[in-house]
Amino acid sequence: MRYNKFLTILFFLLINFNLYSQSSDSIDLKYYQQIVDNIIKYGLERGKAYEMLQGLTSIGPRLSGSTQCAQAIAWVKEQMISLGFDNVYTQSVMVPRWERGTVEEAHILDGGEKLSICALGGSIATPEEGITGDIIEVHSVDELHVLKNQVKGKIVFWNKLMDKSKFNQGSAYGEAAFQRTQGAIEAARFGGIASISRSLTIAEDDIPHTGVMYYNDSIPKIPAAAISTKSADYLSKKLKENSHLKVNIKLSCRILPDTVSANVIGELRGIEKPNEIIIVGGHIDSWDKGTGAHDDASGCIHAIEALRIIKELNLKPKRTLRAVMFVNEENGLRGGKQYAENILAKEKHILALESDAGGFTPRGFGVTADSATLEKIKKLERFLKPIDVDRITQGGGGVDISPLGKLGVPTAGLRVDGHKYFDYHHSDNDTIDKVHPRELELGAIAIAIFVYLIAEFGL
Ligand SMILES: [Zn+2]
């Protein structure tokens, strides 16, 4: 009996010792764990991400400088005001303008099939009767350089496949993207008359994917377009049967003068250190195919919904959370550059986060920061574990926040399950029916937890 009493007392003392030896961190831990639980419950039960995505995508595609892009900017501003965000305003940005036009055709001459084609963003048009020429198929810039004496007067056909064997399709995209971005420059360097490239996707379908392409002012400008993966396979097969087949391409796109557009900004002002800012960003512009539902209406909605949840739960972050919808990510990065120029000298940004990988199931966060900062951020993993978004790794950010990264601001990107992203990317396929409401909401919930806790703990 006495022995048992002794054990009981010892046990009691140990428990208390353990409690008292816990730092105030542990008490905070419980407090913040409860807040995280509330964010998850509220988001899953009463989330508005998908409803807002419907609102934004119903405006249509949002190419920089277009009427719909201006409408989307107004819609987002209105949304932020009606949700009660602080300091909602637009920041003027001059953006390039380009229009697709109505004619996009390509066919193999002498009874050959039509090719499924779309102009690349920034391309010049063909003459009205089109451009007709022999085709030379290549798979790399090096190969083109070897064949340079055969390029003159021909249409260069870039047919580099995205590497399926890569788990990370973003890096496969990066390796194959030269044919779209540099194809016209390299083809024209040796006298090519047009450039057509295989769409940047592993999906085997008949949907061409657009995207930005570049010219070099010291090299003649030639029209540039993408063809679907099926058309690329077909053309390649036909070329093996007849190396002299000719293709006619007609494009009526045009480049217009730069015009005024804007970034949209709204905040939840910090109550203790309002001058320490955490950016939660997405890009408001999209390509003019589909409605840019994943790229990047989802990222914009992630940012707005994350702040909405925090506000609706009456959480008052210590530091300022600032949602920034950047304009012109797709064909110029003017919004990201303008933001960095306007703001950084005056304000202290402790972190910039962007969601621009689609509205798919979130997996974690990639962070580009020094190792001490990364270690601090990794402490959030335990809070993200309940929704399986707890992998925080070195390396991540977003195109729009890259100018801030260059100025030394730590950057982060929401990582998602990206296996379907390039099925839709920059094409007619990127529409809201490809976005799952619960997956989209979970992205917003993950961001809400991540940025709210950084606003509390600082970096
Ligand atoms: Zn994007």
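**Concerning the overall build of the protein**
If you tally the helices and strands in the protein, you get 16 helices and 15 strands. The 459 residues of the protein split such that 49% are buried. Taking as baseline every contact in the protein between residues at least 6 positions apart, the subset at least 24 positions apart corresponds to 82%.

**Description of the nonpolar core**
Membership of the largest hydrophobic core comes to 90 residues, with the highest contact counts inside it found for Leu53, Val280, Ala448 and Val451. Among the elements that take part in this core, helix α16 (residues 437–457) stands out by supplying 13 residues, more than any other. Lining this core are residues from two domains, each supplying at least three of them: domain 1 (38–98 + 257–457) and domain 2 (103–252). Those residues in contact with Val280 that lie beyond four places of it in its chain are Ala303, Ala306, Leu307, Leu321, Arg322, Ala323, Leu353, Ile447 and Val451. The next biggest cluster of nonpolar side chains, apart from the first, holds 37 residues, and it includes Ile193, Val212, Ala225 and Ile227.

**Some words on helix α4 (residues 67–82)**
Here α4 contains 16 residues, and its C-alpha end-to-end distance of 22 Å stays within 8% of the 22 Å for a straight helix at 1.5 Å per residue. Along α4, the positions that sit buried rather than exposed are Cys69, Ala72, Ile73, Trp75, Val76, Gln79 and Met80. For α4, the angular spread of the buried residues around the axis is 165 degrees, confining them to a single face. Facing away from the buried side of α4 by over 90 degrees, the exposed positions are Thr67, Ile81 and Ser82. Of the surrounding secondary structure, the elements contacted by the buried residues of α4 are α3 (49–57), β1 (86–99), β9 (254–268), α10 (293–312) and β11 (319–326). A positive phi of about 80 degrees marks Gly84, the residue just after α4.

**Here we look at the domain arrangement of the protein**
The domains assigned to the protein are domain 1 (38–98 + 257–457) and domain 2 (103–252). One C-alpha centre belongs to domain 1, the other to domain 2; they are set 33 Å apart. Contacts between domain 1 and domain 2 engage 15 residues on the former and 17 residues on the latter. Broken down by element, the side of domain 1 that touches domain 2 gets its largest block of residues, 3 residues, from helix α15 (residues 421–424). When the residues that make up the side of domain 1 that touches domain 2 are grouped by side-chain class, the tally is 4 nonpolar, 7 polar and 4 charged.

**Remarks on α16**
Because an α-helix packs 3.6 residues into every turn, residues spaced three or four apart end up facing the same way. Relative to the 30 Å expected for 21 residues at 1.5 Å per residue, α16 spans 30 Å between its end C-alpha atoms, a close match to the ideal helical length. Of all 21 residues in α16, 15 are buried; the element is thus mostly enclosed. Immediately beyond the C-terminal end of α16, within one or two residues, lies Gly458, with a positive phi of roughly 75 degrees.

**Let's talk about the environment of Lys77**
Positionally, Lys77 belongs in helix α4. Considered as a pair, Lys77 and Met325 are 248 residues apart in the sequence and their alpha carbons are 9.6 Å apart. If we ignore the near neighbours within four places in the chain, the residues touching Lys77 are Val88, Thr90 and Val264.

**Details of the pairing of strand β6 (residues 194–198)**
Across the 5 residues of β6, 5 count as buried, placing the element largely inside the fold. Here β6 runs beside strand β7 (residues 224–227); their pairing, made up of 4 bridges, is parallel. Within the sheet, the bridge partner assigned to Ser195 lies in β7 and is Ala224.

**As for the sheet that holds strand β2 (residues 104–108)**
To summarise the sheet geometry, strands pair through backbone hydrogen bonds and adopt either a parallel or an antiparallel arrangement. Here we have 7 strands laid out as an open sheet, ordered β2-β8-β4-β5-β6-β7-β3, and mixed in their pairing. Strands with a single pairing partner mark the edges of an open sheet, and in this sheet they are β2 and β3 (117–119). Along the sheet, successive strands turn relative to each other by an average axial angle of 30 degrees, direction set aside. Together, β2, β4 (131–138), β5 (155–158), β6 and β7 form the strand contacts of helix α9 (residues 229–241), whose direction differs from that of β4 by roughly 90 degrees.

**Things to note about the environment of Tyr89**
Looking at the secondary structure, you find Tyr89 in strand β1. Note on Tyr89: 13 C-beta atoms within 10 Å, which makes it partly exposed. Along the chain, Tyr89 and Gly266 lie 177 residues apart, while their C-alpha atoms are 6.6 Å from each other.

**Quick notes on the sheet that holds strand β10 (residues 273–283)**
The 8 strands are arranged β1-β9-β11-β10-β12-β15-β13-β14 in an open sheet whose pairing can be described as mixed. Every other strand in the sheet has two partners, leaving β1 and β14 (391–394) as the edge strands with one partner each. Each neighbouring strand pair of the sheet contributes to a mean axis angle of 20 degrees, computed without reference to strand direction. With 8 bridges joining them, β10 and β11 adopt parallel strand pairing. Bridging from a neighbouring strand, His283 pairs with Phe326 of β11. Here α10 sits on the sheet and contacts β9, β10, β11, β12 (348–354) and β15 (411–416); the angle it forms with β10, its principal contact strand, is near 145 degrees.

Criteria and thresholds
- Residues numbered from 1 in each chain as written.
- Predicted model: local features only at pLDDT ≥ 70, side-chain atom pairs only at ≥ 80, totals over all residues.
- Helix = DSSP H or I, 4+ residues; strand = E, 2+ residues; numbered from the N terminus.
- Buried ≥ 20, exposed ≤ 12 C-beta atoms within 10 Å, placed from the backbone.
- Contact = placed C-beta atoms within 7 Å.
- Core = buried A, V, L, I, M, F, W, Y, C linked by C-beta atoms within 7 Å.
- Domains from an automatic or database assignment.
- Expected span 1.5 Å × (residues − 1).
- Arc of directions from axis to C-beta.
- Nonpolar A, V, L, I, M, F, W, Y, C, P; charged D, E, K, R; others polar.
- Pairing = 2+ DSSP bridges.
- Axes fitted to C-alpha atoms, helices over the stretch in contact; angles between N-to-C directions.

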